[in-house]
Amino acid sequence: MRRGKGPLLLQAMGRLPPKGGRTGTRWAEMGRVPISAHFRRMKSPQAYRGNEQTYVKHFFLERYLERVAYIILSNWPKFVYVDGFSGPWKSRDEQFKDTSFIIAIDKLREVKAALRQAGKAASPRCIFIEKNPESFAELQSVVSRIPDLDIAALQGEFRDLIPAIAGEIGRQFSFVFIDPTGWTGFDMHNLDPLLKLRGEVLINFMFDHINRFVEHPNPKTAEGFNSLFGHPNWYDLYTDHIDKGLSREDAIVAVYMDRLRQVGGFAHVTCTRIKKPLSERSYFYLIYATRHWKGILEFRKVEQRAADEQESVFGATRRLRKVAQTGQEDLFARADVSEPNLPFEQQRSLKQSLARSLLFSIIRENHEIAYESVLGKVLEIPLVSVQDLNGWLAELRKAGAIEIVGLVGRERVPKPGHVVRSLRTQDNIAE
Ligand SMILES: C[S@@+](CC[C@H](N)C(=O)[O-])C[C@H]1O[C@@H](n2cnc3c(N)ncnc32)[C@H](O)[C@@H]1O
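This write-up is about the structure you can find in this document.

About the cut-offs
- Residues numbered from 1 in each chain as written.
- Predicted model: local features only at pLDDT ≥ 70, side-chain atom pairs only at ≥ 80, totals over all residues.
- Heavy atoms only, no water.
- Helix = DSSP H or I, 4+ residues; strand = E, 2+ residues; numbered from the N terminus.
- Buried < 20%, exposed > 50% of the residue type's maximum accessible area, 1.4 Å probe, protein only.
- Areas by Shrake-Rupley, 256 points an atom, 1.4 Å probe, with all protein chains shown as cover.
- Pairing = 2+ DSSP bridges.
- Axes fitted to C-alpha atoms, helices over the stretch in contact; angles between N-to-C directions.
- Contact = heavy atoms within 4.5 Å.
- Salt bridge = Lys/Arg side-chain N within 4 Å of Asp/Glu carboxyl O.
- Near = heavy atom within 4 Å.
- Polar contact = N/O pair within 3.5 Å; in protein donor to acceptor, adjacent residues only side chain to side chain.
- Nonpolar A, V, L, I, M, F, W, Y, C, P; charged D, E, K, R; others polar.
- Arc of directions from axis to C-beta.

### Quick notes on the overall build of the protein chain
The secondary structure content of the protein chain amounts to 15 helices and ten strands. When each of the 431 residues of the protein chain is scored for burial, the buried share is 52%. A total of about 19800 Å² of accessible surface is found on the protein chain, and carbon and sulfur atoms cover 52% of it.

This is the structure in structure tokens:
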């Protein structure tokens, strides 16, 4: 650990009490905060050649961390960011700018500086955990040279350090990033104390690895997933989802999301899919859990940008690969740049029809429901935007199926605080 024995260790040794904090989140009161254009961005996609999926993961992390840190630190002085598998790992940059820990440090320093300029005393804190001794030495050497951010670097197994970290965070708002290389080292029962904190978690669910073993004939292999899912009958939960019509892929992810929701008591859990750069297959999912609808809204906004970035970077990767294989530039492929990627667009429209059906069933089941509750539920479905939701609500209003209580004057667009009231009998709200 940097700077001698910090509070984490002292607390683990029982010498410091957990820190207190205010209760209850105030996401709802937090307006948009400006993102300064001068903020430095992470490395370009070219720096990630061959690892474009990591570029998209970092793109997502950088943007979401900026939003959550800015929003929380605008309202509270403290915010703790935890990276449980921090690396550096496979870095090609001498300043480690292609790693999650430097991306987070840069971002939190920027947010802190911007808020200080606005007269707010923001104190973000980072806790980085790395098991590998060589990687840890690199991590420690870099963070020890950063004077203006409170950083604790811990060497060890993430799961062993979780109780001390959770005790250190106490009632402060935290954002925990879990980015393993496989599916071990973050058993659900070990994660428990972190999942019960006030904050949010983002987990890299290594679908591609997990999927290869889910149907493995050796029962011991399947048993290995008991710890990941934190349930002895995870396979039954998985087949239940398949029986209800989900694909194998969606079912695996759904079981993990259900378990996170249950164990952490989260109001909202969702995910975004990161593909393999050269195919339409899934590589991994970033699974996100939050206690507030505003978190879901921000997550989806970042997803919109990240999904476009993914399509554009992976499209360029495929073209480069083609040029490398054939020695020729594919002139027609160039024209594809602005064309929608069919599988992606198909996926988006599939998700949107699911979201629309969910909205109709919410309205059928609730005579009156807060707009933000509808938003939180509907935007749990990937690739759905608030504009999509408002469009469907506008259709329903026009058809006389609902009214939005709280709209005033010429206001047309619903907002938090408004109520969606159904005007017809349940059977009449047809899709
Ligand atoms: C996928 S890499 C992390 C990459 C990093 N988050 C990034 O995006 O730049 C996983 C890292 O976790 C470390 N690691 C593996 N198992 C671990 C464990 N049980 N506890 C802590 N660190 C672990 C590995 O040494 C490796 O550096």
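### Considering the sheet that holds strand E8 (residues 368-370)
Strands sit in the order E8-E10-E9 across an open sheet of three strands; the sheet is antiparallel. Every other strand in the sheet has two partners, leaving E8 and strand E9 (402-405) as the edge strands with one partner each. Across the sheet, the axes of successive neighbouring strands diverge by a mean angle of 25°, strand direction being ignored. Sitting on the sheet, helix H14 (residues 371-378) is in contact with E8 and strand E10 (419-422), with an inclination near 75° to E8. On the sheet, helix H15 (residues 386-398) packs against E9 and E10 and is oriented at approximately 115° with respect to E9.

### With respect to the pattern of salt bridges
As a working rule, side chains carrying opposite charge can pair if their charged atoms are close by. Under the criterion given, the structure shown has 29 salt bridges. For the salt bridge of Lys301 with Glu298, the shortest nitrogen-to-oxygen distance reads 3.8 Å. Taken together, the residues span about one helical turn, with Lys301 and Glu298 both in helix H11 (residues 293-326) at a distance of three residues. Judged by relative accessible area, which is 1%, Glu298 ranks as buried. Note that Glu368 is salt-bridged to Arg421, the shortest N-O span being 2.5 Å. Placement of the pair is Glu368 in strand E8 and Arg421 in strand E10, with a sequence separation of 53 residues. Given a relative accessible area of 25%, Arg421 falls into the partly exposed group. Through salt bridges with shared partners, a single ionic network connects Arg67, Lys294, Glu298 and Lys301.

### Re the site of the ligand
Around the ligand there are 19 residues in total, and His58, Ser100, Glu130, Glu157 and Asp179 lie nearest to it. In the model, an oxygen atom of the ligand is placed 3.5 Å from a nitrogen or oxygen of the Lys57 side chain. Contacts to the ligand include Ser100, whose side-chain N or O atom sits 2.8 Å from a nitrogen atom. Considered on its own, the ligand offers 600 Å² of accessible surface; in the complex 92% of this is hidden by protein. A breakdown of the residues in the shell around the ligand according to their chemical character gives five nonpolar, nine polar and five charged.

### Concerning helix H9 (residues 234-243)
All of the buried residues along H9 are Trp234, Tyr238 and His241. Down the axis of H9, the buried side of the element spans an arc of 60°, and every buried residue falls inside it.

### Some details on the side chain of Asn51
Inspection of the secondary structure puts Asn51 in the loop between helix H1 (7-12) and helix H2 (52-75). Apart from the residues within four sequence positions on either side, Asn51 is in contact with Lys90 and Arg92.

### Digging into the sheet that holds strand E5 (residues 200-205)
The strand order across the open sheet built from seven strands is E3-E2-E1-E4-E5-E7-E6, with neighbouring strands paired in mixed fashion. Looking along the sheet, the strands with just one partner apiece sit at the ends: strand E3 (150-155) and strand E6 (268-275). Going from strand to strand, the sheet's axes swing by 15° on average, the running direction of each strand aside. In this structure, E5 lies alongside strand E7 (residues 282-290), joined through five bridges in antiparallel fashion. Bridging across to E7, Val201 finds its partner in Ala289. Each of strand E2 (123-130) and E3 is contacted by helix H4 (residues 133-143), which is oriented at about 165° to E3, the strand it contacts most.

### Focus on the pairing of E6
In terms of burial, E6 is a largely internal element, eight of the eight residues being buried. Alternating residues of E6 divide into His268, Thr270, Thr272 and Ile274 and Val269, Cys271, Arg273 and Lys275, and every residue in both groups is buried. Pairing geometry for E6 and E7, over eight bridges, is antiparallel. Among the inter-strand pairings, Cys271 is bridged to a residue of E7, identified as Ile287. Hairpin connection of E6 to E7: six residues between the antiparallel strands.

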